[in-house]
Amino acid sequence: MPLSDVACRNAKPADKPRKMSDGDGLYLQVQPSGSKLWRMNYRFEGKQKTLAFGSYPAVDLGEARRRRDRARKVLALGRDPSKEDHEQPGVVTFEAVMNEWFESQSENWVPAYAQRVLGRLKVNVLPEIGKRAVDTLEPADILKVLREVEKRGVLYSAGRIKQYISLIMRYAVSTGRAPRDPTADLRGALRPPPKPKHMHKLPADEIGSFVLNLRNYAGEEITALSIEFILHTFVRTNELRFAKWAEFKDTVWRIPAARMKMRRDHLVPLTPRVQEILARLKVLSADSELVAPGNGGKPMSTNTMIYALYNMGYRNKVTIHGLRGTASTFLNESGLWLPDAIERQLAHVPGDTVRAAYNAALYWDERCRMMQWWSDHIVRETDVAELTG
């Protein structure tokens, strides 16, 4: 029996979604949440498919029937109406929701990360499902997208893209544009990525000889000093590459949120040895606003410090990022310092815990003592290596 507007208006939710048929494939799906969604089932090229016509009462019964009739005309012409439904009024596409989600989230991201997320979605997702009505997407539609990514061998990216799609679909659910997140049914469906290769760390008993090699480095002094600076402070490479003198005040370096991976200001205590390194870098950088400028006054290249390690004989033995691992391992194994203080100094701040609340000076006194202890250890090990040389 065809529906009436009264029946649509008075339809009550149940524990599970229920369908109220109007005929010729059209039905009103009443969600447990109380939302009412227009759907039309049809077959095309032997496959069962579904169209979405919006929600009731924004789309009333008469308009839903008109959209059904248009879809049936498209079918009669041998075309798939799902490829054309994005042109119908009231249909919200995946791309529209994605853009809205991205705008709401990206203001809290580092620009480079935001561009990477948007680029992955535009290249890998939008060509396949961008124009699809967001509330018609099924697990198989998402899996098709991800399988294409897997075919290129970038398994890690496939997992990342699945996470992005899930976040977008959850946003669609929370804003009433989709009934559920279809990626929830894809658990275990993707090929597992290979185990990550950990960055080569400097063994603790080689710290002294490593610093001596830096001081005897035949290349640019500013490069060797930059590496030693990172060993003492265990900041990320880019945090030093783009560091400016205006960020340093007395015994503290405040790295602005825009340059931090977690989008929060980060404070670094400056020990006496680090201040000595900075004093020398100030001389070498001349009038540059950058602490460690490269050729032409531009930021030092990402490869400059890496090649320095190669020239010193540390290829496949030590990486710049691995120096962070050296500090982390040594400080944790010492048993002297709060693990949370170590993580905060590494700028590893989880986004889903109370201690992740923004506070650049969290555990500050503990961190100052810890950094002094670590810096003293490096100096002491270097003196020993020089004496036993």
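Going by the annotation in an unreviewed UniProt entry, the name recorded for the chain is Tyrosine-type recombinase/integrase, with Plastorhodobacter daqingensis given as the source organism. Here the chain is described in UniProt, under the heading Sequence similarities (unreviewed entry), as follows: "Belongs to the 'phage' integrase family."

Describing the packing of aromatic side chains
The tally for this structure, following the rule as stated, stands at 11 aromatic pairs. Here the aromatic rings of Trp38 and Tyr56 are separated by 6.2 Å at their centres, their planes lie at 80°, and the arrangement is edge-to-face. Taken as a pair, Trp38 in strand β3 (residues 36–44) and Tyr56 in strand β4 (residues 47–56) lie far apart in primary sequence, 18 residues in all. Overall, Trp38 belongs to the buried group, its relative accessible area being 0%. Given the relative accessible area of 11%, Tyr56 is considered buried. When the centroid spacing of 5.8 Å and the interplanar angle of 65° are considered together, the rings of Trp101 and Trp109 count as edge-to-face.

Regarding the pairing of strand β7 (residues 266–269)
Here β7 shows a buried face lined by His266 and Val268 and a second buried face lined by Leu267 and Pro269. Sheet topology note: the strand β6 (residues 252–255)/β7 ladder contains four bridges and is antiparallel. From the neighbouring strand, Ile255 faces β7, where its bridge partner is His266.

Considering the sheet that holds strand β1 (residues 18–23)
In a beta sheet, neighbouring strands pair by backbone hydrogen bonds and run either parallel or antiparallel. Taken together, the four strands give an open sheet; going across it, the order is β1-β2-β3-β4, and neighbouring strands pair in antiparallel fashion. In the strand order of this sheet, the two ends are held by β1 and β4, each with one partner. For this sheet, the mean inter-axis angle between neighbouring strands, taken without regard to orientation, is 30°. As judged from the eight bridges shared by β3 and β4, these two strands associate in the antiparallel manner. Paired with Arg43 across the bridge in β4 is Gln48. Sitting on the sheet, helix α2 (residues 61–76) touches β1, β2 (26–30), β3 and β4, and the angle it makes with β3 is about 15°.

Rules of the game
- Residues numbered from 1 in each chain as written.
- Predicted model: local features only at pLDDT ≥ 70, side-chain atom pairs only at ≥ 80, totals over all residues.
- Heavy atoms only, no water.
- UniProt positions renumbered as here; feature names shortened; annotations may be inferred.
- Phe/Tyr/Trp six-rings, centres within 6.5 Å; stacked < 30°, edge-to-face > 60°.
- Helix = DSSP H or I, 4+ residues; strand = E, 2+ residues; numbered from the N terminus.
- Buried < 20%, exposed > 50% of the residue type's maximum accessible area, 1.4 Å probe, protein only.
- Pairing = 2+ DSSP bridges.
- Axes fitted to C-alpha atoms, helices over the stretch in contact; angles between N-to-C directions.
- Contact = heavy atoms within 4.5 Å.

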